[in-house]
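The lines below spell out each chain.
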Amino acid sequence: MTKDYSVELEVIEGNPSLRALDDVIIKPIDARPTKKYNILLSITVTLLLIMAVCIGLTFYYGVGLWGNNQPVAWAFAITNFVFWVGIGHAGTLISAILYLLRQQWRNGIARFAEAMTIFAVICAGMFPIIHMGRPWLAGYLIPYPNTHLIWPNFISPLVWDVFAVSTYLTVSLVFWYVGLIPDFATLRDRATNKVKKTIYSLFSLGWRNSSRHWRHYEKVYMILAGLATPLVLSVHTVVSWDFAAAIIPGWHSTIFPPYFVAGAIFSGFAMVSTVLIFVRTVFNMEHIITIDHIEKMNKIILLTGSMVGYAYIVEWFMSWYSGTPFELFTAMNRAFGPYAWAYWVMMSCNVFFPQLFWFKKIRRSIPITLVLVILVNVGMWFERFVIIVTSLSRDFLPSSWHNYHPTIYDFGILFGSFGLFFTLILLFAKTLPVVSIAEIKSVSKDAQPGHNGGD
Amino acid sequence: MPDKKLFGVTALFDSPDGILNAAKKIKEDGYKKYDFNTPYPIHGMDDVISSKPSKLGYITLFFGFSAAAFILSFMWWTLAISYPLVIGGKPYFPLPAFVPITFEFTVLLAVLSTVFGMIAVAFNLPYNSHPLLDTEYMRNVTSDKYGAVIEASDPQFEENKVKEYLKSLGGKSIELIYEPEELKLKVFEPRFLVFLTIVAVLSSAVTYISLNKLMYLPPFDFMLNQKKGSAQEESSFFADKHEMRKPPVGTVARGFLPYEFLGVADTNQFYGNPLLPTKKVLALGQEKFLTFCSPCHGNYGDGSSRLMGQFPPGPTLHSATVIGYSDGKIYNIITNGQNVMPSYAYQITREQRWAIINYIRVLQRSGNPKPSDFTAINKTDKESGNVQN
Amino acid sequence: MSKIESGYIKRELPKNIGNVGLVLLVVGIILSILAYLTDPARAAFAYLTAFIFLICVGLGSLFLVTLEYAAGAVWSVPFRRISEFFASSVPYFILLVIPLFFSMHNLFTWMNPEVVARDKVLQGRMVYLNVPFFVVRDTVIFLIWWLFYALLIKNSRKQDISADQNLTSRNIKLSMAFIPIFAFTISIISFDWMMSMTPKWFSTIFGVYLFAGSTWVALAVLTLVAVLLTENGYLSPKVKRDHYYSLGTLMLAFTVFWAYIAFAQYMLQWYGNLPEEIIYFIHRWAGGWKYVSLTLVIVHFIVPFLILLPRSSKTNPKILVFVSIWIIAAQYLDSYWLVMPDMVNNGFIYSFSWIDISFPIAVVGLVIVLFNSMVKKYNLIPLGDPKLQRSFDFQL
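Here the residue numbering is sequential within each chain, running from 1 through the sequence in written order. All chains are assigned letters beginning with A, and all ligands numbers beginning with 1, in the order in which they are written. A pLDDT threshold of at least 70 governs which residues receive local features in this predicted model, and a stricter bar of 80 or more applies before side-chain atom pairs are shown or counted, although totals over entire chains, interfaces and linings include all residues. For the side-chain quantities, the full set of heavy atoms in the structure was used; hydrogens and water were omitted.

Trainee: Where do I start with the overall build of chain A in this structure?
Mentor: Here a helix means four or more residues in a row that DSSP labels H or I, a strand means two or more in a row labelled E, and each is numbered from the N terminus. Broken down by element type, chain A carries 15 helices and zero strands. Between buried and exposed lies partly exposed: a residue is buried under 20% and exposed over 50% of the maximum accessible area for its type, with that area taken using a 1.4 Å probe on protein chains only. When the 455 residues of chain A are sorted by exposure, 62% land in the buried category. Sequence separation of 24 or more characterises 83% of the internal contacts of chain A that already satisfy a separation of 6 or more. For chain A, the accessible area works out to roughly 17,500 Å², and carbon and sulfur atoms hold 70% of it. What makes two residues a contact is simply this: any of their non-hydrogen atoms within 4.5 Å. We get accessible surface area from the Shrake-Rupley algorithm with a probe of 1.4 Å; when it comes to residues, only the shown protein chains can shield them.

Trainee: Please explain the pairing of strand E1 (residues 6-13) of chain B as it appears in this structure.
Mentor: Two faces make up the sheet, and in a regular strand the side chains alternate between them. All names here are of chain B. Counting buried residues in E1 gives eight out of eight residues, a clear majority hidden from the surface. Bridge analysis of E1 against strand E4 (residues 172-178) gives five bridges, and the strand direction is antiparallel. Following the sheet pairing, Thr10 is matched in E4 by Glu175. When DSSP finds two or more bridges between a pair of strands, those strands are recorded as paired. Across six bridges, the pairing between E1 and strand E3 (residues 146-151) is antiparallel. Pairing of Phe13 across the sheet is with Tyr146, part of E3.

Trainee: Help me understand the interface of chain C and chain B, please; the structure alone is not making it clear to me.
Mentor: Put simply, an interface is often sized by how much accessible area is lost when its parts join up. With seven residues of chain C in contact, the opposing surface of chain B contributes seven residues. Contact between chain C and chain B buries roughly 640 Å² in total, counting both sides, with carbon and sulfur atoms accounting for 79%. Here, a salt bridge means any Lys or Arg side-chain nitrogen found within 4 Å of an Asp or Glu carboxyl oxygen. For the interface between chain C and chain B, the tally reads zero salt bridges. Between N or O atoms, a polar contact is any pair within 3.5 Å; within protein, one atom must be a potential hydrogen donor and the other a potential acceptor, and residues adjacent in sequence are included only when both atoms are from side chains. The interface formed by chain C and chain B includes one residue pair in polar contact (both at pLDDT 80 or more). The residue inventory of the side of chain C that touches chain B, partitioned by class, reads five nonpolar, two polar and no charged. Throughout, the accessible surface (probe 1.4 Å) given up by two parts as they are put together, summed over both, is called the buried area. Gly is put with the polar residues, along with every residue not named as nonpolar or charged; the nonpolar set is Ala, Val, Leu, Ile, Met, Phe, Trp, Tyr, Cys and Pro, and the charged set is Asp, Glu, Lys and Arg.

Trainee: Honestly, the interface of chain A and chain B in this entry has me stumped. Any pointers?
Mentor: On the chain B side, the residues contacting the 66 residues of chain A number 75 residues. The contact between chain A and chain B buries some 6,200 Å² in all, and 66% of this surface belongs to carbon and sulfur atoms. With its nearest N and O atoms 2.8 Å apart, the salt bridge here joins A:Lys197 to B:Asp134. Contributions of two or more residues to the side of chain A that touches chain B are made by helix H1 (18-30), helix H5 (157-190), helix H6 (194-204), helix H7 (211-244) and helix H15 (437-442) of chain A. The leading source of residues in the side of chain A that touches chain B is H7(A), at 19 residues. For the side of chain A that touches chain B, a count of residues per class yields 34 nonpolar, 19 polar and 13 charged.

Trainee: How should the packing of helix H4 (residues 110-130) of chain A against helix H8 (residues 256-282) of chain A be read in this particular structure?
Mentor: Packed helix pairs are specified by the crossing angle of their axes together with the interaxial distance, meaning the distance between the axes. Residues and elements named next belong to chain A. Comment: axis = line fitted to C-alpha atoms, over the contacting stretch for helices; angle = value between 0 and 180 degrees taken between N-to-C directions. Where H4 meets H8, the axes come as close as 11 Å, and the angle between the chain directions of the two elements is 125°. Considering their axes alone, H4 and H8 lie oblique with respect to each other. For the element pair H4 and H8, the recorded crossing hand is right-handed. Contacts from Phe112, Ala113 and Met116 in H4 reach Met271, Val272, Val275, Leu276 and Val279 in H8. Taken together, the residues of the contact of H4 with H8 break down into eight nonpolar, no polar and no charged. Just so you know how the angles are binned, under 35 degrees is roughly parallel, over 145 roughly antiparallel, 65 to 115 roughly perpendicular, and the rest oblique. Left-handed describes a crossing whose near helix is turned anticlockwise from the far helix by less than a right angle; the clockwise case is right-handed.

Trainee: What's the story with the sheet that holds E4(B) in this structure? I'm lost.
Mentor: In a beta sheet, neighbouring strands are held together by backbone hydrogen bonds and run either parallel or antiparallel to one another. Residue and element names in this part refer to chain B. Reading across from one edge, E2-E3-E1-E4 is the order of the four strands in this open sheet, with antiparallel pairing throughout. Two strands bound the open sheet, and with one partner strand each, they are strand E2 (34-37) and E4. Averaged over all pairs of adjacent strands, the angle between their axes in this sheet comes to 20°, without regard to strand direction. Against the sheet, helix H6 (residues 159-169) engages E1, E3 and E4, with an angle of about 15° to E1.

Trainee: Can you help me understand a nonpolar patch on the surface in this one?
Mentor: On the surface, B:Tyr208, B:Ile209, B:Leu211, B:Leu214, B:Met215, B:Tyr216, B:Leu217, B:Phe220 and B:Leu224 cluster together into a nonpolar patch covering about 880 Å² of accessible area. Structurally, B:Tyr216 can be placed in the loop between helix H7 (190-213) and helix H8 (279-297). Patches here: salt-bridge-free residues with over 30% relative accessible area, like charges joined within 9 Å, nonpolar side chains (Val, Leu, Ile, Met, Phe, Trp, Tyr) joined within 5 Å.

Trainee: I'm lost on the packing of H8(A) against helix H9 (residues 291-321) of chain A in this one. Help?
Mentor: Residues and elements named next belong to chain A. Relative to each other, H8 and H9 sit at 150°, their axes nearing to 9 Å. In terms of orientation, H8 lies roughly antiparallel with respect to H9. For the element pair H8 and H9, the recorded crossing hand is left-handed. Partitioning the contact of H8 with H9 into residue classes produces 19 nonpolar, five polar and two charged.

Written out as structure tokens, the structure is:
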């Protein structure tokens, strides 16, 4: 059956009225939590508590509780940090980049994706702080005038990281909030509960959907999208420079910036897909988050996964071509050394399995998609693990080689961070509209003049 | 009920085409104070509202560039001026390494300034008391209808005329919107003043307690009570009970060559005077001589001590012995002391010592002048018009 | 869609364009042959520069065609045929590379057995960098490109007559297959012809760097011709400022993307300061090359970025034409910067020479002649494309 290319694809299925859209999107906010929701929430909060306990013990006893040691001084903490920052990137890509590319199908998923970005960056930002020896002194890192004339080392990629991630968090929050303003107005006008109404009025800033305001609003949204696009590319670039600026074999590779960015989008979209597959069923939004959208996201996953695969292949080739024995050894060590199992998990989950998305049937199958995207996330976590731990455990001097063994606290914090992430998502789904109401209305059928004859 | 002031008349439309056509007509028919409220932006409405694009982009540009300039200067100042450190062999101002931070900071400030500019300037928000808020009109307009409002302040406004006009354009649910009752909020209302006072007292109390009291209590005093020894403290660790350690014997400060003959009074090797008897040197020498040497040796170096016998008078510096001393010998005497005279090494710097020696030579010459000296003086006097015999 | 609906009238380009192209081509060829006769080593480098530039334009245009199919883009449909015409140089790569194959001993240090005997690294690479394997793999790559070009173009032209949507589906599948192959092959070409010139050097991002520049210049030639043709009535009156805006935005995006890749490569190697890596940039800073490098930053990034940033310039045909020509020249400078400083590896001393101009003249002439011949035979708009009506409806 050939597709008809001359016809524009509808973004929303069926033809719900604007008020019906309001109702279906706002329903979860007004309704009491269901039993299923409470069970899910208790699971995520348990994980969150596990993490809190592990972090508390880490603060009390010190980072020695973890498996970090020389030479693997960076292990789970940084792996998790890069993992979560990467996941955050999909949100901004969907919100900003797809907006600039005028891909209307992004309107149904943008709000959720942005929220996920913010939560992911919160999870990520935790790790650089807790992996310090004395996190309660973290404030001293900020440049303040002192008699020792101690200033931050602006030349270090770690300081670039601080600027990049905090800028990213701030800009994502602002972008998300700007998109929420019209929705707060809608919520305000539907609210019957006085407390809720006050809160929504406050956050909506008195927004009244005036066309005079929409004019500025669209311009600002465009500027934000235009600024957020290079920002999101730069954030994971700066994170990649944490590694690439060093001269350790396996780390010092010029392709790291685009490779990490592609990997971030890859894992981010996988996480977005995972969560949205649940959301659309649980909240009855299958006609707003359609199978076409999932298929498009799978195509992007395929594209970025292939970019990651390209980077792997070029790095292999270059490790041989460079003629440096260290580079070649690192490549061999990754594939056949003590952490080979991690390497092959990474390879299969990142390169082999996503290639299944070449097949249309698989792209449009929800259960298989769910399995594949979870595998992608697993693979991407292992990728960061492999990069960090294999290169550190076996670098230049064989006398310095030593393997890394994570402890139960490392695992507690890793799984607990998922608890934090999903708790925040569940709370978000119940308090704020998961789909951007104003945006989805603007791409519904006959939303813009010119398609109809007129009143 | 007091007479409510009319804000404007509103009408609802069912479709985007309807509101756009109505908007165009309203503009054509010469109305000036109107607005439209739609659940989402309508294409084509911008041209009806305003012919010029939004100016917010300029705010972005300005703050973006300022941010870049600021952060680059800050990084330059801290790492190249305030405390230059060689890091990784890179220059003090490594531009490639500064690019990432500059970029991030530029984006941050550009975004924040644009959004605040939008909210504060373009929207004049937050504005929670606008007459259109909390009306049936607003409830429709944020959901699924498209609305137009013509304000009473419009020059062509007349209540019934406008109502008919909107109906003729196809508008439904014509509504009259009134200004909200003005809340007379006097600034000096007693409740507000009490509130201000409480806030002031609370914030001062909290600040005072946290900075002046709390910081000195454990565990917040960890910076005060550090497990280290301060220079002037008594030490329980070192044998001599001093926390401060002296440099080992024989330590030499950078750029400072020790005087070879320190403590060696009977040497027969002496340094040469590095200073020439220029006006500046002699002025310095005179000043220091009068301060340090004249109490014992007299103002003219003639031994007329003014210590009144409390201390043995210094010998005259015009004796043949002293005239025969080399400059370096006198330097040695000043540095090491001689007989009753103590060492003046701690009071007079090396340069000053040489200057004093130059001045002593002047004094000595003035005490034992040669005939040719007088001719020179007479000549100078004649030239300056000071002829004395 | 019929010609009447689209407003397209098929006509030939004015005669002088064809004539100018022919003159440039002939003059260029004569000068190039002269160059080879007077200074074969120098000519080899200059020819390589021009050849890389031609690959950027031709292959980059082919990539744009496949990108449109793969992404399902709608707004670019009226312009796709122009990119197809620019890609028509792809079949000729295999011929044009032959003089380069014969000049390899001048270009590459690894061709010199004495140098290789002294250097362990080069010995290790001999498995890859040896003449037979080199020639065979590059020939195969050019053939693969030719194959994809032929298939894609055939389907596209057939569709003008039959308006069969299956042809679009087929081209989409071809494009999906082409894109990963393109990624690897353009990387291999860049490694072979440019990276191997500096003996111990390597950079994993080098393929991406060439890709960025190539797509950028392909967009520029597309914009230049699309705008000129539309403004002079050769395309369709339905092409709007909105279409121009999209072209301008893409050019801006790739300006930034190139700068990002170039900076990433430079900054990391500067930061690590490893001898085997930094030699590349030392060669590009020594002598007068410092000024060329700085000029490249200004000309390749800062100026086009500032020009294309405001919204108004992306819809202004005059500015778009100006900046497109600027970009084409800047990309040639990039090619030059990539190839010429490596002369010193083989012991040649660089100084600017008339030879450097002879080859670009030939390339420009070739591109114009090929484009002109295509216009005579085929439509400038893909009339049979099912997305054509939607693309005319496109608005921001």
